[in-house]
Amino acid sequence: MISRLFSREPDTRVFFATDIHGSETCWRKFLNSGKHYEANIMILGGDMTGKALVPIVEEGKGRWHSTLLENRREFENEDEVKEFEDSVKRRGYYPFRTDPDEMSELEADEDLRNELFYKEMLGTIERWMHMADEKFEGTDIECFVSPGNDDQFEVDEIISSAKRVQLAEGKVVEFGDFQMVSTGWSNRTPWDTYREEDEDDLAERLKKMTSQVTTPPEKTIYNFHCPPYGSGLDDAPEIDENMRPKHGGRSIVPVGSTAVRDAIKEGQPALALHGHIHEAKGNTRIGNTLCINPGSSYEQGQLLGAVVNLDGKSKVKRFVLTSG
Amino acid sequence: MANNAAGSDDLFQRKATGLLRGWSVWDGFIYAAFSINLITLGLYAFSFAPFIPTGSLILAVILAGLYLVFQTVTYASLIAVMPRAGGDYVWTSRVLGGGIGFVLAVTGWWFILWHWVPIYADLLNKDVLVPLAALLNLDGTVTFFSGATGLFTASMIVAVVASVYVSLGMRTYARIQKFCFYGGLVGLAVMILILLFSSQSGFESAYNREAQELFGAGGNAYQQTIQAGSVETANAFIPTLLLIPFLAFFNLYSNWGATLYGEVRGASDFRKNIYAMAGALLFTSAAAVVLLLLFAKTFGWDFYYAANNAFWAGEGPVSVFPYPGLLVAMILGNPVLQVIFVAVMSLWFFGWTGSVFLSSTRVVFATAFDRVLPEWVSRTTNNGVPYAALLLMLIPSIPISYMFAFGENFATYVLDAVLVIAITFLGSTVSAAVLPWRKPDIYNASPIARYNVLGIPLITVTSVAFGGFLVFCLLAWLFNDTYGVNVGSSLIYMLILYAIALALYVGFRLLRRAQGMDLNMVYDEIPEE
């Protein structure tokens, strides 16, 4: 046991991050994380797409204005607008240039806003995949991405078209001696997102996936976006019927999935990777399984992640949560 | 899909996990007010005022309350720049370095709170158990809880109650706190009304009657108390400032309240945190001033000071702590009403008790997630009870409480308990001051990046101001005998605690390195390009 504690045998080093929600900074950091942490397996959990569109409104004569974080900004030239656009992207929002007439239309028409969201989200993912292809060209890094419950289904097709990024959703993927199954589906949320379903259906989905794994538990990884119920990795502020945090956010409740918990209990993989609940950063054990939710600080441009050394033993001992 | 319902009007949001509407400032206010806790901490802190009799206690409360708004802005700023970070440990470790963050937080939020268990117990005795026992004419119980065994027993009660709160989880504890806050407010309102509508002569006769009935103090106990503890009071400015380090025992904790910051939120959430924390601070300070004025009117200022002075000197006809809740209960006359009143006022204590372990378990978790402490300390039961972290709080608190109660000199070792917390706050404050330069990307991306005072970031201005307050208090505690905490043995004891924390950090860092996991990875920033 002592010798294992100090063992420095070569491992498979994995870097995992999740919930970057459109943050350009976090994506760029993710692309560099393999080299930075000396990990040749990189896994990005779900929820890649952003949550907000930020209009930059043209006032005429080369002048623009916008509001970010409730601070109104005015711009007098192209450079200022571009700099502002970068700061918007950094937080994971989508900047777009518009004029007062189009703004009025957008405010009045939800379909139009949806169309714009789709265009910006999918366009960004497409651009990101090109960046990844360029970055990983000529390296031995393997990169796996699986969208989350907040990502629309079209994201999968775009990831599939990338050369150096593998879509992991719903599949058994292999690296070294290890197999990993992934899904971005979650149990029901109050937001009625793209990939959520009742616990029974989620349990069925997980069962179908995990039954395809052929490696022993110590060489198996579950990459399930939704954390297991009651694990501490799923602690979120309790909200009322108006979506307001109760008790000033001090009342914390578990919101994870019982189906995910049951799947981990039954399969006992060496490692289970999760996200979904940004404030529930941490790690825990369910049986022998090391469960990790690195959390997310995408708005601050901090890429929270986990570096895990896999040695093929039943218990993963060497890991660290990072805030890069 | 897209909507604006959950956000501000300046952007379009879609429906996505975690996007919430704004939180209630009132809720934040409640928890911040509970952390400062006028009844439990304030009335105790005020009892030391006779040690500097030439200062104005009321003016000191006002000045400290106003000045500590800088603290609320500093912490609201830290929350806005690094939300969901989890407090002092994460802020300090990310800005100043892992070692500094660990040593300050582990000592200030974990080790030192073992020592706060007997301090909480002392407050439980003074504000709840002894007054209730006295009102119920349980003389043996009064004697018991006034002695060493009673203090140890009360310490165990505190440890058990705090453990139960942590075990019940934040959802239940938040509800208990809210219930206690509203109940406590009712008690406070009743207290104010009784003081308002009672005369000094009425109080004097009630005190004399109850001192005789409850404590066997014959004659004019009111006058005897004044004679026993009489001090010459004045309102000089410098002594008023010197009262402020006493008050830090109660008004330094507005930042323990709700510290929420929603996603896709801007300056309004920053302001909300200020409103909640500063609102609680100013409300509590105002309530303290009202109470003190009413004490002067009804108890008589000479009596109030003398009673506290006599108690700490171990003199006077009544040997129990002159808890104002008990003094007001004496006016009521009716034993049933007296007991009900003190019981309702005890909600201020019981709603607050969980704080002795709650924040500590979070720090233990955060350091374990950073792999500085071993993984097992973050283990929970299937119901989410952080049993390992809880045991790390509970078990050491038992022998420490025992030594505090029965040890010859141990109580003097823990005199610096507030000082250690202040040093931890100072670490966060220094982090806040240098944050715009140490973490420019994160700072510039935050909603407070545009707030400057004469070209200097607001967070730096307020943190330097708050840091000045902390340094003033630390110097006073370290070099002025009046506060009774500059005892060599206490300082050495506290230094040993810091040394243990440092040894833990260095030891685990070396262990992780031997395992091939460099803890630098925890804090290193990944290059963007």
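Residues numbered from 1 in each chain as written. Chains lettered and ligands numbered in written order. Predicted model: local features only at pLDDT ≥ 70, side-chain atom pairs only at ≥ 80, totals over all residues. Heavy atoms only, no water.

### A few points about the environment of Val464 of chain B
Line of reasoning, step 1. Its location among the elements puts Val464 of chain B in helix H22 (residues 458-479).
Line of reasoning, step 2. Note: C-alpha distance between Val464 of chain B and Phe357 of chain B (107 residues apart in sequence) is 30 Å. (Helix = DSSP H or I, 4+ residues; strand = E, 2+ residues; numbered from the N terminus.)

### Section: the confidence of the model for chain B
Do not read the predicted coordinates in detail wherever pLDDT is low.
Residue and element names in this part refer to chain B.
Line of reasoning, step 1. With 96% of its residues at a pLDDT of at least 70, chain B reaches an overall mean of 92.
Line of reasoning, step 2. Taken element by element, the predicted model of chain B shows its lowest mean pLDDT in strand S1 (residues 2-3) (53) and its highest in helix H3 (residues 57-67) (98).
Line of reasoning, step 3. Residue range residues 4-8 is modelled with pLDDT below 50. Its contacts to residues more than four positions away, or to other chains, number 11 contacts.
Line of reasoning, step 4. For this predicted complex, the interface confidence score (ipTM) comes to 0.86, while the overall pTM stands at 0.90. (pLDDT = per-residue confidence, 0-100. Contact = heavy atoms within 4.5 Å.)

### Things to note about the packing of aromatic side chains
All names here are of chain B.
Line of reasoning, step 1. By the definition in use, this model includes 70 aromatic pairs over all chains.
Line of reasoning, step 2. An angle of 65° between the planes, with centres 5.4 Å apart, marks the rings of Phe29 and Phe283 as edge-to-face. Remark: Phe283 occurs in helix H13 (residues 267-313) and Phe29 occurs in helix H1 (residues 25-36); sequence separation between them is 254 residues.
Line of reasoning, step 3. Classification of Phe283 by relative accessible area gives partly exposed; the value is 36%. (Phe/Tyr/Trp six-rings, centres within 6.5 Å; stacked < 30°, edge-to-face > 60°. Buried < 20%, exposed > 50% of the residue type's maximum accessible area, 1.4 Å probe, protein only.)

### With respect to the interface of chain A and chain B
Line of reasoning, step 1. In this assembly, 87 residues from chain A lie in contact with 73 residues from chain B.
Line of reasoning, step 2. Both sides of the chain A and chain B interface together cover about 7,300 Å² of buried area, and 52% of this is carbon and sulfur.
Line of reasoning, step 3. On inspection of chain A and its partner chain B, the count reaches 6 salt bridges.
Line of reasoning, step 4. For the salt bridge of Glu375 of chain B with Arg285 of chain A, the shortest nitrogen-to-oxygen distance reads 2.5 Å.
Line of reasoning, step 5. At the junction of chain A with chain B, the criterion picks out 33 residue pairs in polar contact (both at pLDDT 80 or more).
Line of reasoning, step 6. The residue inventory of the side of chain A that touches chain B, partitioned by class, reads 29 nonpolar, 31 polar and 27 charged.
Line of reasoning, step 7. Alignment of strand S3 (residues 52-60) of chain A against strand S2 (residues 12-14) of chain B, held across 2 bridges, turns out to be antiparallel. Counterpart to Leu53 of chain A in the pairing with S2 of chain B is Phe12 of chain B. (Buried area = accessible area lost by both parts, 1.4 Å probe. Salt bridge = Lys/Arg side-chain N within 4 Å of Asp/Glu carboxyl O. Polar contact = N/O pair within 3.5 Å; in protein donor to acceptor, adjacent residues only side chain to side chain. Nonpolar A, V, L, I, M, F, W, Y, C, P; charged D, E, K, R; others polar. Pairing = 2+ DSSP bridges.)

### Remarks on the nonpolar core
Line of reasoning, step 1. Counting residues in each nonpolar core, the largest one holds 246 residues, and the members touching the most others are Trp27 of chain A together with Phe46 and Trp116 of chain B.
Line of reasoning, step 2. Examining the composition of this core, we find that 25 residues originate from one element, helix H6 (residues 98-135) of chain B, more than from any other.
Line of reasoning, step 3. Those residues within four positions of Phe46 of chain B in sequence are excluded, and the remaining contacts are Leu38, Leu57, Val61, Leu247, Phe250, Ala288, Leu292 and Tyr304 of chain B.
Line of reasoning, step 4. Core analysis: the second largest hydrophobic core is formed by 17 residues, Leu202, Met209, Leu233 and Val260 of chain A among them. (Core = buried A, V, L, I, M, F, W, Y, C linked by side-chain atoms within 4.5 Å.)

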